[in-house]
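# Overview (structure and organization)
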Amino acid sequence: MEFNNNIPIYIQVMEKIKQNIVSGKLKLGVKMPSSRDYSAQLGINFNTVARVYKEMELEEILFTKRGLGTFVTKSPERINRLRHEMAKKQINAFINGMQKIGFTKKDMIKFIEMEFNNQERNE
Amino acid sequence: MNELLKIQHLSKYYYNKNALNDVNLSLEKGKIYGLLGPNGSGKTTLMKIIAGLHKQTSGEVLLNNRPLSYKTKANISYMPTENFFYDSFKVKDIVKFYSDMYEDFQVESAFNTLEKIKVDPEFSISKLSSGLVGKLKVALALSRNVELYMLDEPLNGVDVLSRDVIIDLITRSCGENKVIVVSTHLVSEIEKILDSLIFLKDGTIALAGDAEELRMSRCTSVEGIYKEVFGND
């Protein structure tokens, strides 16, 4: 994983894990690597991974079983909510960017449809 | 108590130079500290005082709440910048030397590490590239079983790939009860493994704090902060 040194590393790792959960790469209830293994794998500090796990436990996306390790939540509702949160963030960033270059709501919708049609035709 | 090392009002004067000026620090177990600053900012002086190689002019250094002595010294693994190996030695002789020298040296793990970083024990020191010497120095310093490790400029004069190996060694060596202090001016390469930062400028602490908090509050990388702190000269 490549890191952007301008953004706190734990935030980047959290984003990555969330993406993997939402996209299905990380399945519900699956065991996460230990903080020590994961930090070695990512080439980052041990405490950073510990912090990631702690934060994501607070968000109820991960949970820890004493002595057994850290796991991905088993709740499909929580994952669904996460998917919505992430989608909303993407859309807002998109809308924001489009407004900056002068697009109205109608233009945006039209443009999205056009682009999708283009892509389908190219496939 | 999580504090391993406490430094209070530490100053060091040479004849015509004020190398350290009222330095106060507290290092906690389980963390990797970056001691950052340009050449001549006092990084090496600070490390040498902690290692017991220099005597401070004033102030106090406490390891586990005890003033520095020959006893505390045994609990510190210090790696100087210079290449301190004899050219005529083979790598395995140096490992032998370390295990004779330090009771806490872990021979087996040292040889495992050397294998992992591809340093052949039969090599003679004079034949090693500076990248290999750099890796060997760090591997040996980290093969001791102590609470405080201090690595002075471990990335200096080492190629990019060897740097990655060294950074990986440091990451894997940190444990709950240990403190690793790494001095460097090559910030961007190592910043992702640092917990806490200490910026040393002209012998005083210009800035210190948690790496992630500083990134967040200043909205830039550690390298960016480094440039902010030292750039105005």
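Residues numbered from 1 in each chain as written. Chains lettered and ligands numbered in written order. Predicted model: local features only at pLDDT ≥ 70, side-chain atom pairs only at ≥ 80, totals over all residues.

Helix and strand content of chain A: 5 helices and 2 strands. Along the chain direction, N to C, the helices and strands of chain A fall in the order α-α-α-β-β-α-α. Rg of the C-alpha trace for chain A: 18 Å, well past the compact-globule value of 14 Å for 123 residues, more than 25% over. Put simply, chain A has 123 residues, and 20% of those count as buried. Considering only residue pairs separated by 6 or more positions, chain A has 55% of its internal contacts joining residues 24 or more positions apart. (Helix = DSSP H or I, 4+ residues; strand = E, 2+ residues; numbered from the N terminus. Rg over C-alpha atoms; globule rule 2.2 N^0.38 Å. Buried ≥ 20, exposed ≤ 12 C-beta atoms within 10 Å, placed from the backbone. Contact = placed C-beta atoms within 7 Å.)

Moving on to the overall build of chain B. The secondary structure content of chain B amounts to 9 helices and 10 strands. In summary, chain B has a C-alpha radius of gyration of 17 Å against a globular reference of 17 Å for 233 residues, a match within 12%. Each of the three principal axes of chain B carries a C-alpha extent, and together these read 45 × 40 × 40 Å. Out of the 233 residues belonging to chain B, those deemed buried represent 40%. Within chain B, residue pairs in contact and separated by at least 24 positions form 69% of the contacts whose partners lie at least 6 positions apart.

What follows is about the domain arrangement of chain A. Residues and elements named next belong to chain A. Domain annotation for chain A reports domain 1 (9-74) and domain 2 (77-122). Relative to domain 2, the C-alpha centre of domain 1 lies at a distance of 28 Å. Contact with domain 1, which involves 7 residues of that partner, is made by 5 residues of domain 2. A breakdown of the residues in the side of domain 1 that touches domain 2 according to their chemical character gives 4 nonpolar, 1 polar and 2 charged. (Domains from an automatic or database assignment. Nonpolar A, V, L, I, M, F, W, Y, C, P; charged D, E, K, R; others polar.)

Residue-level contacts link 22 residues of chain B with 14 residues of chain A. Sorting the residues of the side of chain B that touches chain A by element identifies β3 (31-36), α6 (160-173), α8 (211-218) and α9 (222-230) of chain B as the ones contributing at least two each. No other element matches the 4 residues that α6(B) contributes to the side of chain B that touches chain A.

Residues and elements named next belong to chain B. In spatial order, the strands read β2-β1-β4-β5; together these 4 strands make up an open sheet with antiparallel pairing. Looking along the sheet, the strands with just one partner apiece sit at the ends: β2 (18-28) and β5 (66-67). Two elements, strand β1 (residues 3-13) and strand β4 (residues 58-63), share 5 bridges in a ladder whose sense is antiparallel. Residue Lys6 lies in a different strand from β4, and its bridge partner there is Leu62. Against the sheet, helix α1 (residues 43-51) touches β1, β2 and β4, its axis set at about 60° to β2. (Pairing = 2+ DSSP bridges. Axes fitted to C-alpha atoms, helices over the stretch in contact; angles between N-to-C directions.)

As a further point, take unusual backbone geometry. Residue and element names in this part refer to chain B. Look at Lys118: it is not a glycine, yet its phi comes out positive at around 60°. Along the chain, Lys118 turns up in the loop between α4 (107-116) and α5 (130-142). Phi at Cys219 takes a positive value of approximately 55°, unusual for a residue other than glycine. You can see Cys219 is positioned in the loop between α8 and α9.

Attention now moves to the sheet that holds strand β8 (residues 179-184) of chain B. Sheet strands pair by backbone hydrogen bonding; their relative direction is either parallel or antiparallel. All names here are of chain B. In spatial order, the strands read β6-β7-β8-β3-β9-β10; together these 6 strands make up an open sheet with mixed pairing. The open sheet has two edge strands with one neighbour each: β6 (76-79) and β10 (204-210). Between one strand axis and the next, the sheet turns by 15° as a mean value, whatever way the strands run. Both β3 and strand β9 (residues 196-201) contribute to a ladder of 4 bridges, which runs parallel. What sits directly across from Leu35, in β9, is Ile198.

A few words on the environment of B:Lys12. Residue and element names in this part refer to chain B. For Lys12, the location among the structural elements is in strand β1. On the basis of neighbour counts, which here come to 22 C-beta atoms within 10 Å, the residue Lys12 falls in the buried class. Along the primary structure Lys12 and Leu46 are separated by 34 residues, whereas in three dimensions their C-alpha atoms are 8.7 Å apart. Sequence-distant contacts of Lys12, defined by excluding residues within four places in its chain, comprise Ala19, Leu20, Thr45, Ile49, His54, Gln56 and Thr57.

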